[in-house]
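Architecture at a glance
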Amino acid sequence: MDNKKLQLIKGNEHTDHRGTLCFINDFNMSSIKRMYTITHPSTSIVRAWQAHKMESKYFKCIKGRFLIAAVAIDNWENPSKKLQAKTFMLDAKNTEVLQIPAGYANGFKALDADAQLLVFSDKGLESAKNDQFRFDENLWMNWKEYIN
Ligand SMILES: Cc1cn([C@H]2C[C@H](O)[C@@H](COP(=O)(O)OP(=O)(O)O[C@H]3O[C@@H](C)C(=O)[C@@H](O)[C@H]3O)O2)c(=O)[nH]c1=O
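- With an unreviewed UniProt entry as reference, the protein chain is termed dTDP-4-dehydrorhamnose 3,5-epimerase, source organism Mesonia ostreae.
- In its Catalytic activity (unreviewed entry) section, UniProt records this for the protein chain: "dTDP-4-dehydro-6-deoxy-alpha-D-glucose = dTDP-4-dehydro-beta-L-rhamnose".
- Under the UniProt heading Function (unreviewed entry), the note attached to the protein chain is "Catalyzes the epimerization of the C3' and C5'positions of dTDP-6-deoxy-D-xylo-4-hexulose, forming dTDP-6-deoxy-L-lyxo-4-hexulose."

Take a look at the structure:
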């Protein structure tokens, strides 16, 4: 699995008399340094844009659904307004992880109240602090289009 690519890493599930086991065999976690969860109490909250030159992030929706957008940054001091956002809808029911590699901004909003994301990062908090870029949420996406 190419860890430099913006992509969904798909898994699968196995159900038998004991219940259901969901697995993502292609998700190589050897570089993971930390994890955290993010809960959005309402679908009106937009968390955008946070960007990283060096840090990759891996998102698994564990409750409800999220709309996540990713933008490859061309210029870290003054990114073009014309950059294209790639969007993904993550649903807790789906066994998949969204890989957002270094060099991207990410932004997201919940599509259900109290939706929750599990996030893995390949950088410790200290090094991540020096790699934290933030851009205005109104760039690249009209989040209001997705307010349901
Ligand atoms: C992410 C994270 C935050 N924190 C603390 C730092 C800070 O005081 C508080 C809020 O952190 P932030 O303001 O960075 O949260 P936020 O602005 O949501 O940014 C986070 O969202 C994800 C999607 C990212 O891409 C990262 O930039 C990450 O920092 O939580 C940790 O202690 N450990 C962690 O792993």
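So that's the structure; there's more coming.
**Re the nonpolar core**
- By size, the foremost hydrophobic cluster in this structure holds 19 residues, and its most contacted members are W49, V71, I73, F135, W140 and W143.
- Those elements that place two or more of their residues in this core are β5 (46-52) and β7 (65-72).
- Residue contributions to this core peak at four residues, all from β5.
- In this structure, C61, F88, A110 and L117 belong to the second largest nonpolar core, which totals 17 residues.

**Describing the site of the ligand**
- Taken together, the residues surrounding the ligand are R34, Y36, R47, Q50, H52, K57, N106, F108, L125, Q132 and R134.
- Interatomic distance of 2.6 Å between a side-chain N/O atom of R34 and an oxygen atom of the ligand.
- One nitrogen or oxygen atom from the side chain of Q132 is found 2.6 Å from an oxygen atom belonging to the ligand.
- Those elements that place two or more of their residues in the shell around the ligand are β4 (34-40), β5 and β10 (104-110).

**Quick look at the side chain of D91**
- Residue placement: D91 occurs in strand β8 (residues 86-91).
- Residue class for D91 comes out buried when judged on its relative accessible area of 12%.
- A distance of 2.8 Å separates a polar side-chain atom of D91 from the backbone nitrogen of K93.

**Section: the sheet that holds β4**
- Strand order in the open sheet formed by five strands is β1-β9-β6-β11-β4, with antiparallel pairing between adjacent strands. For this open sheet the edge positions go to β1 (7-10) and β4, each flanked by a neighbour on one side alone. Strand after strand, the sheet turns through a mean of 25° between neighbouring axes, direction not considered.
- The pairing of β4 with strand β11 (residues 115-121) spans seven bridges and is antiparallel.

**Quick word on the environment of D112**
- Along the polypeptide, D112 turns up in the loop between β10 and β11.
- Separated by 57 residues in sequence, D112 and E55 have C-alpha atoms that sit 28 Å apart.
- Non-local contacts of D112, meaning those with residues more than four positions away in its chain, are made with H40, T43, G64 and R65.

**Examining the pattern of salt bridges**
- For the coordinates displayed, the defined rule picks out eight salt bridges.
- We note a salt bridge from E55 to K57, for which the minimum N-O separation is 2.9 Å.
- Given a relative accessible area of 1%, E55 falls into the buried group.
- Across the pair D112 and R65 runs a salt bridge, and its minimum N-O distance is 2.7 Å. Linking D112 in the loop between β10 and β11 with R65 in strand β7, this pair joins segments that are 47 residues apart in sequence.
- In the salt-bridge network here, residues are joined through shared partners; they are R34, E55 and K57.

Here is what the cut-offs are and how they apply
- Residues numbered from 1 in each chain as written.
- Predicted model: local features only at pLDDT ≥ 70, side-chain atom pairs only at ≥ 80, totals over all residues.
- Heavy atoms only, no water.
- UniProt positions renumbered as here; feature names shortened; annotations may be inferred.
- Core = buried A, V, L, I, M, F, W, Y, C linked by side-chain atoms within 4.5 Å.
- Buried < 20%, exposed > 50% of the residue type's maximum accessible area, 1.4 Å probe, protein only.
- Helix = DSSP H or I, 4+ residues; strand = E, 2+ residues; numbered from the N terminus.
- Near = heavy atom within 4 Å.
- Polar contact = N/O pair within 3.5 Å; in protein donor to acceptor, adjacent residues only side chain to side chain.
- Pairing = 2+ DSSP bridges.
- Axes fitted to C-alpha atoms, helices over the stretch in contact; angles between N-to-C directions.
- Contact = heavy atoms within 4.5 Å.
- Salt bridge = Lys/Arg side-chain N within 4 Å of Asp/Glu carboxyl O.

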